Amino acid sequence: MSKNKKSVIGDIYKVPLQNDEKGYIQYIGNDITQLNSDVIRVFNERYSIDAEPTLEEVLAGKIQFYCHVTGMEFGEKDGAWKKVGNSTNIGDTTSVLFRDAADSLEKRESGEYGLPRISKTWNLWRISEPMQRVDKLEGENIKADIGMVTWPNSVVQHMQTGEWQGFYPAYK
């Protein structure tokens, strides 16, 4: 009999990547501002598929990006990642900043709805804090991670290519 394993904040997962490499992610919280979705941090370091770094080595690494995922369990079920441990060290979650194109569903002059090539209005927020609307991304806000909720396979692709699947508006 199989039981669903519930993810716990602090869980660390290894992610198989192309070229016999792997990376690591960590579940760091839930964002009530963005559909109460799971928030992860993705570590930049890549390891040989046979390497076994300690959790402390993984957690000491630089962050590639933060993102929202549909659920950690989906990633495990689909084979996108596998849990390898847990740590109370989840980094400074208060400094994580997300952005979303606020004009993505506004009606254009053509009468169609859809994403603009360059967004002129943005929502910025920190985990579980209210969104704030800005007209232009400037300064530190340019570094905000894209705040859309995505699927585990999209996270893996972004880890490998540095790009998100599909189209997302630019800020300039």
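Since the structure is predicted, the reported quantities are computational estimates derived from the model, not experimental observations.

### Observations concerning the overall build of the protein
1) Next: Within the protein, the regular secondary structure consists of three helices and 11 strands.
2) Next: Its helices and strands in sequence order give the protein the pattern β-β-β-β-α-β-α-β-β-β-β-β-β-α, from N to C terminus.
3) Next: Buried positions account for 43% of the 172 residues belonging to the protein.
4) Next: Carbon and sulfur atoms provide 48% of the accessible area of the protein, an area that totals close to 10,200 Å².

### A look at helix H3 (residues 152-161)
1) Next: When H3 is considered as a whole, its buried residues turn out to be Pro152, Ser154, Val155, Val156, His158 and Met159.
2) Next: Buried residues in H3 make contact with strand S1 (11-17), strand S2 (21-31), strand S3 (37-43), strand S5 (63-69), helix H2 (72-78) and strand S11 (149-150).
3) Next: Glycine 162, located one to two residues past H3, shows a positive phi value of around 80 degrees.

### Details of the pairing of S5
1) Next: In terms of residue burial, S5 counts as a mostly covered element, since five of its seven residues are buried.
2) Next: Relative to S5, S3 runs antiparallel, the two being bridged by six bridges. Considered in S5, the bridge of valine 42 is made with phenylalanine 65.

### Remarks on the nonpolar core
1) Next: Ile25, Ile40, Met72, Trp81, Val155 and Met159 are the most contacted members of the largest nonpolar core, which has 25 residues in total.
2) Next: Elements that contribute at least two residues to this core include exactly S1, S2, S3, S5, strand S7 (97-101), strand S8 (122-126) and H3.
3) Next: Setting aside residues up to four positions removed in sequence, methionine 159 forms contacts with Val15, Leu17, Gly23, Tyr24, Ile25, Val42, Arg46, Gln64 and Phe65.

### Quick notes on the sheet that holds S7
1) Next: A sheet is described by the order of its strands in space; here four strands give the open sequence S9-S8-S7-S10, paired in mixed fashion. Where the open sheet ends on each side, the last strands, each with one partner, are strand S9 (132-134) and strand S10 (145-146).

### Let's talk about the pattern of salt bridges
1) Next: Throughout the structure, instances matching the rule amount to four salt bridges.
2) Next: Among the salt bridges present, the one from glutamate 73 reaches lysine 6, with a minimum N-O distance of 4.0 Å. Taken as a pair, glutamate 73 in helix H2 and lysine 6 in the segment before S1 lie far apart in primary sequence, 67 residues in all.
3) Next: As a salt-bridge pair, lysine 83 and aspartate 11 come within 3.3 Å of each other at their nearest N and O atoms.

### What about the environment of arginine 117?
1) Next: Summarising the element assignment, arginine 117 is placed in the loop between S7 and S8.
2) Next: C-alpha of arginine 117 to C-alpha of tyrosine 171: the two residues are 54 residues apart in sequence and 8.7 Å apart in space.

Reading the values: rules and limits
- Residues numbered from 1 in each chain as written.
- Predicted model: local features only at pLDDT ≥ 70, side-chain atom pairs only at ≥ 80, totals over all residues.
- Heavy atoms only, no water.
- Helix = DSSP H or I, 4+ residues; strand = E, 2+ residues; numbered from the N terminus.
- Buried < 20%, exposed > 50% of the residue type's maximum accessible area, 1.4 Å probe, protein only.
- Areas by Shrake-Rupley, 256 points an atom, 1.4 Å probe, with all protein chains shown as cover.
- Contact = heavy atoms within 4.5 Å.
- Pairing = 2+ DSSP bridges.
- Core = buried A, V, L, I, M, F, W, Y, C linked by side-chain atoms within 4.5 Å.
- Salt bridge = Lys/Arg side-chain N within 4 Å of Asp/Glu carboxyl O.

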